[in-house]
Amino acid sequence: MAAWTRKNLLGLEDLSSGEIVTILDRAEAYLETARNPSARKTSLAGRVVVNLFFEASTRTRVSFGLAARRLGADVIDFAAGGSSVSKGESFVDTARNIEAFGIDLVVVRHAVPGTPHLLSQHLRAGVVNAGDGAHEHPTQGLLDLFTIRQRRGRVDGLTVCLLGDIAHSRVARSNIHGLVKLGAKVIVCGPPTLVPRQIADLGVEVAHDLDAVLPRCDVVNVLRIQFERQRGAFFPSIREYFHLYGMTRERLSRGRKGVLILAPGPINRGVELTPEVADGPESAIIDQVTNGLAVRMAVLDLCAGVPR
Amino acid sequence: MAAWTRKNLLGLEDLSSGEIVTILDRAEAYLETARNPSARKTSLAGRVVVNLFFEASTRTRVSFGLAARRLGADVIDFAAGGSSVSKGESFVDTARNIEAFGIDLVVVRHAVPGTPHLLSQHLRAGVVNAGDGAHEHPTQGLLDLFTIRQRRGRVDGLTVCLLGDIAHSRVARSNIHGLVKLGAKVIVCGPPTLVPRQIADLGVEVAHDLDAVLPRCDVVNVLRIQFERQRGAFFPSIREYFHLYGMTRERLSRGRKGVLILAPGPINRGVELTPEVADGPESAIIDQVTNGLAVRMAVLDLCAGVPR
Amino acid sequence: MAAWTRKNLLGLEDLSSGEIVTILDRAEAYLETARNPSARKTSLAGRVVVNLFFEASTRTRVSFGLAARRLGADVIDFAAGGSSVSKGESFVDTARNIEAFGIDLVVVRHAVPGTPHLLSQHLRAGVVNAGDGAHEHPTQGLLDLFTIRQRRGRVDGLTVCLLGDIAHSRVARSNIHGLVKLGAKVIVCGPPTLVPRQIADLGVEVAHDLDAVLPRCDVVNVLRIQFERQRGAFFPSIREYFHLYGMTRERLSRGRKGVLILAPGPINRGVELTPEVADGPESAIIDQVTNGLAVRMAVLDLCAGVPR
C-alpha cells in the first residue's frame, strides 16, 4: 500500500498501481458507512467541499455530496446555471472566488477536457475530477475497479470488455488506465464509428464483434450510448446496435459462466442491455452506486489529508 | 388511536380513519417544534430522506425538507431538471439508484398519477406521495384536516365545501377521502366544466351555485385555479369566475357566522378570493403552512419507524 | 460603537456612521471564522435563515448561506425559478408563507428596487437586502468599506473613485452612502452615458476623465459593466471603453503609489481591468470575498439578535 501524497485526483492516468490500491483499500474500510448513513465519520469535520458542476449531473453530484457529509464535511453546491459564469467571469476567477470562502476541496465537472488540471494549478484547495469532457472520470473508474475486486477477489489477470461508445466515454478512458495498471487484460468493443483506432495505444485490444470476444471475458462493462454527446449518426439504428452489441440473456449464456456485468448508469434499458440482464444475478449495477459512495469518501478523505 | 404499520403514505384513500387520527395526533405533538425551529427533535437522526421532485415545487419541497431536518434527518434534494432522467433513464432506475445511497424515505412528486405506488413496489425505502398528477396529495389533505380540527375541535359532523377547480385537483381528492372517513359532509362546488359528475361516487354532494350552499357550510376550502394544468378554457373569464365563485367579504357575510376559510396556496388574490378574506379572521391560510410542517414531521416519523 | 437595534438591513442610506462601524467591528471579530470554517460559532444555533433570491446569483447566495451556517443557523434556499411565484402568487404571499415555516431572517434579492422595504413591512422576520435592482446592495458596500479599513487603517479622509457603470449599479449607490457617512471623499467616474448627473446630489464629485482624477485617488473600486442590465449601447465599443477607463498597469503607474484596487466581481478581464492589475499587489479582489463572508456573518448576527 502506497502512502498518499496528492491533494488532487485528476485522472487515473497519473496514479501508480499502489496509489489505486490505497484508494480501494480505504474505500473498503468505508463501505459499511456508505451502506448505513447512521455510521457517520468525522474525519472531514470542519472542512468545506464544493461541488462545482458546469455540466448537469445529479447522481455524481449527490454521491460526492453524501460522501463528503458522511465524513462530517460541509458541502456547497455551486452549479453553473445562473451563476457568475453567465455574467462573463472566467472559469478560474469563479473557482478562486469560491476558494476565498475557505474551501478545502473542489469537486469539478466540466465539458472541457483538462479543466481540473487547469484549476489545480490556480488553487491551493485540492481538486477532484468528477468528469472532464471525454477525458477522464476517475472516481467512476475506481468504483468499477472496486466492484470487480469485490466480486472476483482481484483485478490482476482478468479479462475485461468495455462495450459500446468508447469514443465519447471518459468512463472508458479511466477504466482503461486503471485496469491496465492493476494487471487486467482490456478489450474495447463496439461499432467502428464508436471505437477510435488510436485507443489501441493505451494497451488495449480493439474488437468489433462482441460475440467473438465474449467467451474470453470475465467482466463486461456496458457503457451508455451517450445520445446527448453525439453529433450525427454513429450507427444505422438503435435496433441494429442492440442486435450487434445489446447485452441479452441469450448472448450472456454464450459467454463465460458467472461473467460480471457492470454499467456506469444511467442505463438505457433495451438499448445497451435488457432488463433481465440489468436486474440479473450477474449484474452489479446497484452495488456500483453504493461502492461509488465508498470510493468517493476514500478519495475526499485522502486528498483532504494532504497538507496544502 | 391505531398502531401505525405502513412504511409508505401513498394516499388518504388507503388509510383508515384510525390511521388518519394517529397522524393528526402525532402532528399535534410536533406543532411546537414546527413553530420554533430551535426545539429540534432527533427521532430521525442518522436517517436520509430524499426529495425526488419531478414537478416544480418550492413550497412543498421546502416543507418536507424542513420537517425532515427538524427530526434530525439528512435531506437530499433530487430535482428532475438536469438529472439522469433527461439522459433516458427510467423513473424506477433513477429511484433504485438513489436508494443505493442508503436512503430511508423517498418523498416523490410526479405529474403521472400512480407514480408513488409504482415506486413503492420497487423500493425497500418508504415512499411518501407529495402529489401525483390530479390523483392525491395526502399531506395537503392531512394538514387541511389538522387545521379544521384545530379551529373547530372536530371534523365529524361538519359540512365542508371544496370550492373551485375540482377536476384538476389532487388536493380535492385527498380532502374528500380524508373528510368522508372522519365523518364530515362534503360539498364540491364549482362551474360544471371544473366539477366532474363522477366525483359524486366518492360520497360527496355536487353543487354549482355557491350562494345556495354557502349558508350550510362550516368550512370552505378555496382551491386554486390551476391555470398551468388547464388546456383550453373552462370558464368564460376570470371576471365571471370571480363573480360566481370568488370568496368576498360580502359573500362571506351571507354564510355561517365564523365560517373557516382554508386555501392550499399559492393563492391568486382577486381570482379565488379577495385580500380581505385571505387576510381576515376567518382565514387559516398562514396557519396551514405551519400545520403542514407538523403534519409532514408526523408522516416522516411514522413511516420511517416501520421496519423495512 | 452604536448599539444595534435594527432587525432589518435594507440599505446603507438608512444607517448612521456609528451603526456602520458596529457592523465593521463585528465583522473583524468574525474574520478568523470566515477564513477557517472549522472555527464555527453557535450564535445563530436553532435559527432559520432563508435565501429568497428572485434574481440569479450564486456568489452572494453562497456567501450568505455559508455565513449563516458558520454561525450555526439552518439555511433554506428558496430560488424563484420553478416556485409558486410562477403560479401567480404575489411576492408578499410567498414571503409570508415562507415565514410560517418558523423563519428568523429573510435574505432577499429582487430586480425591483424597494422590494426588501416592502417585505419588511409585512414580515415579523428580519429582512436583509442582498441587492434590489439598481438601488442598494448594502453588504457589498459594507465589505468594500471593511476592505478599505483593513488595508488603509481608516476610511475617513481617503479619496475613493467608483469607476465605470454607475447608472446601473446598486453597488455604487451603497458604496456612496457608506463612504460619505464614514468621511471619505467620493469621485464617480465613467462615460457620461453611464454616470447620471443627479448622482452629484449624493455628495460626490462627478468625473469623466479617469486619467485626470486618478492621481488624487487612494482607492479605485472598479465596477462591473453590467452587460446583462443594459438595454441599448452606452458606449461605442468595449475597446474604446477599455482605452478610456480600463484599469491597466500603465495607467496605475500614473496614479498614487500603493493605490488600492477593489472590484465587486464577477470581473470581465480585459474589459474593466487587465489580469496584471486584477492579480497584482494593489488588488484586494480575493480578500473581498473572505471579507464579505465576515461582513455577512456580522449582519446576520446583529439583525437576528434584535427582538421581533
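Before any of the text, the structure's been laid out above.
Think of each chain on its own: its residues are numbered from 1, step by step along the sequence as written. The order in which chains are written sets their letters, starting at A; the order in which ligands are written sets their numbers, starting at 1. For this predicted model, a pLDDT threshold of at least 70 governs which residues receive local features, and a threshold of 80 or more governs which side-chain atom pairs are given and counted, while totals over whole chains, interfaces and linings are taken from all residues. Note: side-chain values were computed over all heavy atoms of the structure, leaving out hydrogens and water.

Here we take up the overall build of chain A. Under the DSSP-based scheme used, a helix requires at least four consecutive residues in state H or I and a strand at least two consecutive residues in state E, with every element numbered from the N terminus. Per the secondary structure count, chain A includes eleven helices and nine strands. What the globule rule says is 2.2 Å times the number of residues to the power 0.38, and the radius of gyration is computed from C-alpha atoms. Computed over C-alpha atoms, the radius of gyration of chain A comes to 19 Å, within 12% of the 19 Å expected from 2.2 N^0.38 for 308 residues, which places it in the range of a compact globule. C-alpha extents for chain A along the principal axes are approximately 55 × 40 × 35 Å. Here chain A holds 308 residues, and the buried ones make up 63% of them. Any two residues whose heavy atoms approach within 4.5 Å at even a single point are treated as in contact. Within chain A, contacts between residues separated by at least 24 positions form 74% of all contacts whose residues are at least 6 apart in sequence. As displayed, chain A offers around 10,800 Å² of accessible surface, 51% of which is attributable to carbon and sulfur atoms. Only protein chains enter the area calculation, which uses a 1.4 Å probe; residues under 20% of their type maximum are buried, those over 50% are exposed, and those in between are partly exposed. Here, Shrake-Rupley sampling with a 1.4 Å probe gives the accessible areas, and only protein chains in the shown set may cover a residue.

So, on to the relation of the copies chain B and chain A. The atoms used to superpose the copies are C-alpha atoms, taken from residues with pLDDT of at least 70 in both, and the fit is least squares. Note on the copies: chain B fits chain A at an RMSD of 0.0 Å, the axial shift is 0.0 Å, and the rotation between them is 120 degrees. Such a combination of rotation and displacement between the chain copies is what one expects of a three-fold axis.

The interface is formed by 25 residues belonging to chain C together with 19 residues belonging to chain A. Note on definitions: buried area is the accessible-area loss of two parts on being combined, 1.4 Å probe, summed for both. Buried area between chain C and chain A, summed over both chains or domains, comes out near 2,000 Å², and the portion from carbon and sulfur atoms is 54%. In terms of surface lost to chain A, no three residues of chain C exceed Thr 58, Arg 59 and Val 289 of chain C, which account for 25% of the buried area on that side. Counted as salt bridges are all cases of a side-chain nitrogen of Lys or Arg within 4 Å of a carboxyl oxygen of Asp or Glu. Where chain C meets chain A, there are two salt bridges. The closest approach of N and O atoms between Arg 96 of chain A and Asp 279 of chain C, which form a salt bridge, is 3.3 Å. We define a polar contact as two N or O atoms separated by no more than 3.5 Å, with the added condition that, inside protein, one atom must be a possible hydrogen donor and the other a possible acceptor, whereas residues neighbouring each other in sequence contribute only through side-chain atom pairs. For the pair chain C and chain A, the interface holds five residue pairs in polar contact (both at pLDDT 80 or more).

Facing 19 residues of chain B, the contacting portion of chain A comprises 25 residues. Taken together, the connections running from chain B to chain A amount to two salt bridges. Between the two partners, chain B and chain A, sit five residue pairs in polar contact (both at pLDDT 80 or more). Within the residue set of the side of chain B that touches chain A, elements represented by two or more residues are β2 (74-79) and α3 (91-99) of chain B. Counted by class, the side of chain B that touches chain A contains six nonpolar, eight polar and five charged residues. Following the grouping adopted for this structure description, the nonpolar residues are Ala, Val, Leu, Ile, Met, Phe, Trp, Tyr, Cys and Pro, the charged ones are Asp, Glu, Lys and Arg, and the polar ones are all others, Gly among them.

Residues and elements named next belong to chain C. Relative to the assigned elements, Ala 111 resides in the loop between β3 (105-110) and α4 (115-122). We classify Ala 111 as partly exposed; its relative accessible area is 43%. It is 29 Å that separates the C-alpha atoms of Ala 111 and Arg 239, two residues lying 128 residues apart in sequence. Setting aside chain neighbours within four positions, we find Ala 111 in contact with Glu 55 and Gly 133.

So, about the sheet that holds strand β9 (residues 260-262) of chain A. Residues and elements named next belong to chain A. Spatial ordering of the open sheet is given by β7-β6-β5-β8-β9, a layout of five strands whose pairing is parallel. In this open sheet, the two strands that pair with only one neighbour each are β7 (205-207) and β9. Strand-to-strand, the axes of this sheet are offset by a mean angle of 20 degrees, without reference to chain direction. Here strand β8 (residues 219-222) runs beside β9; their pairing, made up of three bridges, is parallel. Residue pairing in the sheet places Val 220 in a bridge with Ile 261 of β9. Interaxial angle, 0 to 180 degrees, is taken between N-to-C directions of lines fitted to C-alpha atoms, where a helix line uses only the stretch in contact. The strands touched by helix α6 (residues 170-181) within the sheet are β5 (159-163), β6 (185-189) and β8, with β5 carrying the most contacts at an inclination of about 170 degrees. The rule for pairing is simple: two strands pair if DSSP sees at least two bridges between them.

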